[in-house]
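Overview (structure and organization)
The lines below spell out each chain.
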Amino acid sequence: MTAKPYIYVTRQLPAEIIEKLRRFAEVGVWPSEERPVPRDVLLREAAKADGLFAMLSDRIDEELLSAAKRLKVVANLGVGYDNIDVGKATELGVAVCNTPDILTDTTADLTMALILMAGRRLGEALECVKNGRWKSWSPFFMAGTDIHHKTLGIVGMGKIGEAVAERARGFSMKVLYHNRHRKPEAEKRLGAVYRSFDDLLRESDYVVCLTPLTDETRGMFDREAFKKMKPSAFFINVARGAVAVEEDLIEALEKGEIAGAGLDVFAEEPVRPDHPLLKMKQVVPLPHIGSASTETRWAMMERCAENLEAVLSGRPPVNVVNPSVLQRSHL
Ligand SMILES: NC(=O)C1=CN([C@@H]2O[C@H](COP(=O)(O)OP(=O)(O)OC[C@H]3O[C@@H](n4cnc5c(N)ncnc54)[C@H](O)[C@@H]3O)[C@@H](O)[C@H]2O)C=CC1
Ligand SMILES: O=C(O)C(=O)CO
């Protein structure tokens, strides 16, 4: 009988998920749900693991991959995989799996919520009531900016981008998009209109970023980009913090070059409590909760377990970022 493979899970997960893994593998688990696995423990465990069940806060880099001689698969709990050196993983024959599709609607819902929160000042309004500062109904008290009939500009018209466009139609918004490639089918189905990046910035009332973080998108929203936006417009980031240059965003907000921002993601997470963006009343910060509904998080965990089982038993996983490794010898 061959020995079971060893999987290391980098965060405490529900017993049902661990049990599912135990059916086909020996399983080690970092025993905290809130505190990320320390780097030295991760390196030590990865060095003996056949599979890693990783969080997007774990750095799966060249150092880790090169020392992980047995590793065949990393299943990341998320669709984004900018925390993983996919090039190195591919070179070493390690499959990288993620969880697309199942989180699309949940993340699109949250994106709409951020648009509403930023435009209609919902965070400020909530704090005002809870802190006893609501003095009277008055004509411009907490008056924000409309959502309906405004122009939404989606940068990164992928699965989540399209789901946001679909929702925006329900708010009677005009939808512009910018993507690496034009999407004629989405244009027809969603009534979305393609624009160059610069034109989208100039014309939109709400600019939403939903690209992956790559060498191309890192710092895409910089001083020049914010300058092109309307002074009345909002920047909404549900992608990754590093697609924006945070100092430039702060400057644009301070100078009134844009009206506000809704941010689910930050360059460094968790964001420091004294970060200047958190001190600005026109900024709605959220703690990277785009896909955080209980239903979706369960589905994502189940999918990671399925992907691990598939790769470790020599079958194609449901989702793989570097499919070329599946054609190679270890499977
Ligand atoms: N805040 C959160 O909790 C969540 C954040 N995300 C982020 O959202 C991203 C998108 O997710 P999906 O829509 O599922 O991915 P997707 O792969 O379906 O869509 C990404 C789109 O961005 C486009 N794109 C890539 N580079 C571009 C560039 N330089 N300029 C313009 N467009 C570009 C692609 O062509 C694609 O259409 C993820 O990679 C992740 O970083 C995803 C889920 C939850
Ligand atoms: O899936 C992702 O990429 C996230 O950021 C969290 O779901």
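On a predicted model such as this, the values are computed, not experimentally measured, just so you know. (Residues numbered from 1 in each chain as written. Chains lettered and ligands numbered in written order. Predicted model: local features only at pLDDT ≥ 70, side-chain atom pairs only at ≥ 80, totals over all residues. Heavy atoms only, no water.)

Moving on: the domain arrangement of the protein chain. Split into domains, the protein chain comes out as domain 1 (4-99 + 292-325) and domain 2 (102-283). With centres defined by C-alpha atoms, the gap from domain 1 to domain 2 works out at 31 Å. On the domain 2 side, the residues contacting the 12 residues of domain 1 number 5 residues. In this assembly, domain 1 and domain 2 are joined by 1 salt bridge. Here R240 and D82 are joined by a salt bridge, their closest N and O atoms 3.0 Å apart. One can count 2 residue pairs in polar contact (both at pLDDT 80 or more) joining domain 1 with domain 2. The residue makeup of the side of domain 1 that touches domain 2, split by class, is 5 nonpolar, 5 polar and 2 charged. (Domains from an automatic or database assignment. Contact = heavy atoms within 4.5 Å. Salt bridge = Lys/Arg side-chain N within 4 Å of Asp/Glu carboxyl O. Polar contact = N/O pair within 3.5 Å; in protein donor to acceptor, adjacent residues only side chain to side chain. Nonpolar A, V, L, I, M, F, W, Y, C, P; charged D, E, K, R; others polar.)

Scanning the model with the defined rule gives 28 salt bridges in all. For E185, the salt bridge is made with R189, and the minimal N-O distance between the two is 2.8 Å. Of this pair, E185 and R189 both sit in helix 8 (residues 184-190), 4 residues apart, roughly one helical turn. Its relative accessible area of 48% is what places E185 among the partly exposed residues. The salt bridge partner of R272 is D274, with a shortest N-O separation of 2.8 Å. (Helix = DSSP H or I, 4+ residues; strand = E, 2+ residues; numbered from the N terminus. Buried < 20%, exposed > 50% of the residue type's maximum accessible area, 1.4 Å probe, protein only.)

Buried within helix 1 (residues 15-22) we find I17, I18, K20 and L21. For helix 1, the buried positions fall inside an angular range of 155° around the axis, keeping them on one side. The exposed set on the far side of helix 1, more than 90 degrees from its buried face, consists of A15 and E16. Buried-residue contacts for helix 1 involve strand 1 (6-9), strand 2 (26-29), strand 3 (51-54) and helix 12 (294-312). (Arc of directions from axis to C-beta.)

Close to ligand 1 lie 25 residues; K159, I160, N179, E216 and D264 are nearest. Side-chain polar atom of E216 to a nitrogen atom of ligand 1: 3.0 Å apart, as the coordinates give it. At 3.3 Å from an oxygen atom of ligand 1 is found a side-chain nitrogen or oxygen belonging to R240. Starting from 860 Å² of accessible surface for ligand 1 in isolation, the protein chains cover 90%. Split into classes, the residues belonging to the shell around ligand 1 amount to 9 nonpolar, 11 polar and 5 charged. (Near = heavy atom within 4 Å. Areas by Shrake-Rupley, 256 points an atom, 1.4 Å probe, with all protein chains shown as cover.)

Looking now at a nonpolar patch on the surface. On the surface, a cluster of nonpolar side chains totalling about 300 Å² of accessible area is made up of V129, W134 and F141. Along the chain, the position of V129 falls in helix 6 (residues 122-130). (Patch = residues over 30% accessible without salt bridge, like charges linked within 9 Å, V, L, I, M, F, W, Y side chains within 5 Å.)

A few words on helix 5 (residues 104-120). Along its 17 residues, helix 5 runs 24 Å from first to last C-alpha, staying within 8% of the 24 Å computed at 1.5 Å per residue. Phi turns positive, to about 60°, at R121, one or two residues after helix 5. (Expected span 1.5 Å × (residues − 1).)

This part takes up the site of ligand 2. In the vicinity of ligand 2, the contacting residues are L56, G78, V79, G80, L103, R240, H288, S291 and M300. At a separation of 2.8 Å, an oxygen atom of ligand 2 approaches a polar backbone atom of G80. One of the side-chain nitrogen or oxygen atoms of H288 is found 2.6 Å away from an oxygen atom of ligand 2. Burial of ligand 2 by the protein amounts to 88% of the accessible area it has alone, namely 230 Å². A breakdown of the residues in the shell around ligand 2 according to their chemical character gives 4 nonpolar, 4 polar and 1 charged.

A few words now on the pairing of strand 3. The alternating pattern of strand 3 places G51 and F53 and L52 and A54 on opposite faces, both of which are buried. For strand 1 and strand 3, the ladder comprises 3 bridges, and the chain directions are parallel. Looking at the pairing, Y8 lines up with L52 of strand 3. Across 4 bridges, the pairing between strand 3 and strand 4 (residues 73-76) is parallel. Counterpart to F53 in the pairing with strand 4 is A75. In this fold, the crossover linking strand 3 to strand 4 by way of helix 3 (residues 62-67) has right-handed handedness. (Pairing = 2+ DSSP bridges. Right-handed = clockwise from strand over helix to strand, strands pointing away.)

Now for the UniProt feature "domain: D-isomer specific 2-hydroxyacid dehydrogenase catalytic" (unreviewed entry) in the protein chain. UniProt records the feature "domain: D-isomer specific 2-hydroxyacid dehydrogenase catalytic" (unreviewed entry) at residues 8-322, using the numbering of this structure. Secondary structure across residues 8-322 comprises 37% helix and 14% strand; the distance between its end C-alpha atoms is 21 Å. (UniProt positions renumbered as here; feature names shortened; annotations may be inferred.)

Attention now goes to the environment of F266. By the secondary structure assignment, F266 is in the loop between strand 11 (260-263) and strand 12 (283-285). Given the relative accessible area of 5%, F266 is considered buried. Beyond its immediate stretch of four places on either side in the chain, F266 contacts G241, E246, V271, L277, L278, P285 and L286.

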